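Here's the letter readout for the chains.
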Amino acid sequence: MTNTATGLVALGEHDNPQVTLEVKGHKYHISGDPAIDPEEALISASTVSGYADKVNDGLLWWAAYAAMDHNSANGFKQLNEAAKTIGTETHESISRYIATDGADRSDSWLFGIWYSKLMEKMSVSDWVATELMVYHRELKYAGTVDAIGIVDDKVVLFDWKTTEALNRRGQKKSNNRQAHATQLGGYILALREMFKTHPIRHGDRVIRDIDEARVCYIYRDERDVKERFEEKIVDIDKATKAFEVCLGLVSLVEQGDGLYKKPESGGQNAKGNRAKP
């Protein structure tokens, strides 16, 4: 997949870099930027932000219920794939609507929720970009921004999340909201880096920063819920700092043997036994 956004204008020394996504493993590759080897796979912002998740048993409960519903230990895989399909279809329908300036309007019920809550009740005066792939040339990660729009003359970064509002016990889910905000912090850091040489030119306006970031939850529960759409405004300063902390954890944990030392030759291993010669 190639970044086809036309809003990026090259003001630097090199041509506008192309960001491509290798679907397997959700790794990104950059071509056209001399600072990055095109063969190097960059970690995704969503993977990095996952380190902001709180440890809880919610996922275990979900997997257990899925196994009972499908009479299979792998029941959670079926539910997970179904949820991914719904999320992808909703994202694509929203992106098509934005890209065609409203000409391509989906009849799906989740798109209808998004349209009625966001487009009809919020003054998005114009859209700047949709499905925009971004990367950070120094920190070496990348991601895909769902949308950037203009609201009350502010440049707003949007992220769409299709999920369920309630868990199986009827309790409101946390939905990894800290990780979602952290993910947007990563996008903003990447955009700021790219804007140094490739700002977005929108009409007479040259965009060099993001003024506001919002995570929009579209709830797909089969049960009746109080609200089908919820919007959360991200604290950009905290979110960008949180992303940098998570990126530091990734570099410590994911590289080599992580937080463990390799046993020295002739020394003791992790169990205190002498290493075999």
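The preceding data block contains the structure.
Rules of the game
Residues numbered from 1 in each chain as written. Predicted model: local features only at pLDDT ≥ 70, side-chain atom pairs only at ≥ 80, totals over all residues. Heavy atoms only, no water. Buried < 20%, exposed > 50% of the residue type's maximum accessible area, 1.4 Å probe, protein only. Helix = DSSP H or I, 4+ residues; strand = E, 2+ residues; numbered from the N terminus. Salt bridge = Lys/Arg side-chain N within 4 Å of Asp/Glu carboxyl O. Polar contact = N/O pair within 3.5 Å; in protein donor to acceptor, adjacent residues only side chain to side chain. Contact = heavy atoms within 4.5 Å. Core = buried A, V, L, I, M, F, W, Y, C linked by side-chain atoms within 4.5 Å. Phe/Tyr/Trp six-rings, centres within 6.5 Å; stacked < 30°, edge-to-face > 60°. Lys NZ or Arg CZ within 6 Å of the ring centre and 35° of its normal.

**Concerning unusual backbone geometry**
Here Asp101, not a glycine, exhibits a phi torsion of approximately 55°, which is positive. Among the residues examined, Asp101 registers a relative accessible area of 74% and is labelled exposed. Look at Glu131: it is not a glycine, yet its phi comes out positive at around 50°. Position of Glu131 among the secondary structure elements: in strand β4 (residues 124-136). Under the relative-accessibility criterion, Glu131 is labelled partly exposed at 30%.

**Thoughts on the pattern of salt bridges**
Using the criterion set out here, one finds 11 salt bridges in the structure. Put simply, Lys140 and Glu40 hold a salt bridge, and the shortest N to O gap is 3.8 Å. Residue Lys140 is found in the loop between β4 and β5 (141-151), and its partner Glu40 is found in the loop between β2 (27-31) and β3 (43-44); the two are separated by 100 residues along the sequence. The class of Lys140 is partly exposed, set by a relative accessible area of 27%. We classify Glu40 as partly exposed; its relative accessible area is 30%. With a shortest N-O distance of 2.7 Å, Glu230 and Arg177 are connected by a salt bridge. In this pair, Glu230 sits in strand β10 (residues 229-233) while Arg177 sits in helix α5 (residues 177-195), placing the two residues 53 residues apart along the sequence. For the residue pair Glu230 and Arg177, the accessibility class agrees, reading buried in each case.

**A few points about the side chain of His136**
Mapped onto the secondary structure, His136 falls in strand β4. Accessibility expressed as a relative area gives 8% for His136, which makes it buried. Of note is the side chain of His136, whose polar atom sits 3.0 Å from the backbone nitrogen of Leu139. Other than its neighbours up to four places away in sequence, His136 contacts Tyr141, Leu189, Ala190 and Glu193.

**Here's the deal with the nonpolar core**
Grouped together as the largest cluster of nonpolar side chains are 45 residues, with contacts concentrated most on Leu132, Val134, Tyr141, Val145, Ile148, Leu157 and Leu191. For this core, the secondary structure elements donating two or more residues are β2, α1 (45-49), β4, β5, β6 (154-163), α5, β9 (212-219) and α6 (236-253). Among the elements that take part in this core, α5 stands out by supplying 10 residues, more than any other. Dropping the residues within four chain positions of it, Val134 is found in contact with Ala142, Gly143, Val145, Tyr187, Ala190, Leu191 and Met194. Tyr97, Trp114, Phe158 and Trp160 belong to the second-largest nonpolar core, a separate cluster that totals 19 residues.

**Some remarks on the packing of aromatic side chains**
Applying the stated rule across the entire model yields 12 aromatic pairs. On the numbers, 5.7 Å between centres and 75° between planes, the contact of Tyr97 with Trp114 is edge-to-face. Pair noted here: Tyr97 is in helix α3 (residues 75-99) and Trp114 is in helix α4 (residues 109-119), with a separation of 17 residues, a long-range link. You can call Tyr97 buried: its relative accessible area is 10%. Cluster of aromatic residues (ring-pair linked, three or more members): Tyr97, Phe111, Trp114, Tyr115, Trp127, Phe158 and Trp160. The ring of Tyr115 has Arg105 sitting right over it, with the charged end atom 3.8 Å from the ring centre. Sitting over the face of the ring of Tyr217, Arg177 holds its NZ or CZ atom 4.7 Å from the ring centroid.

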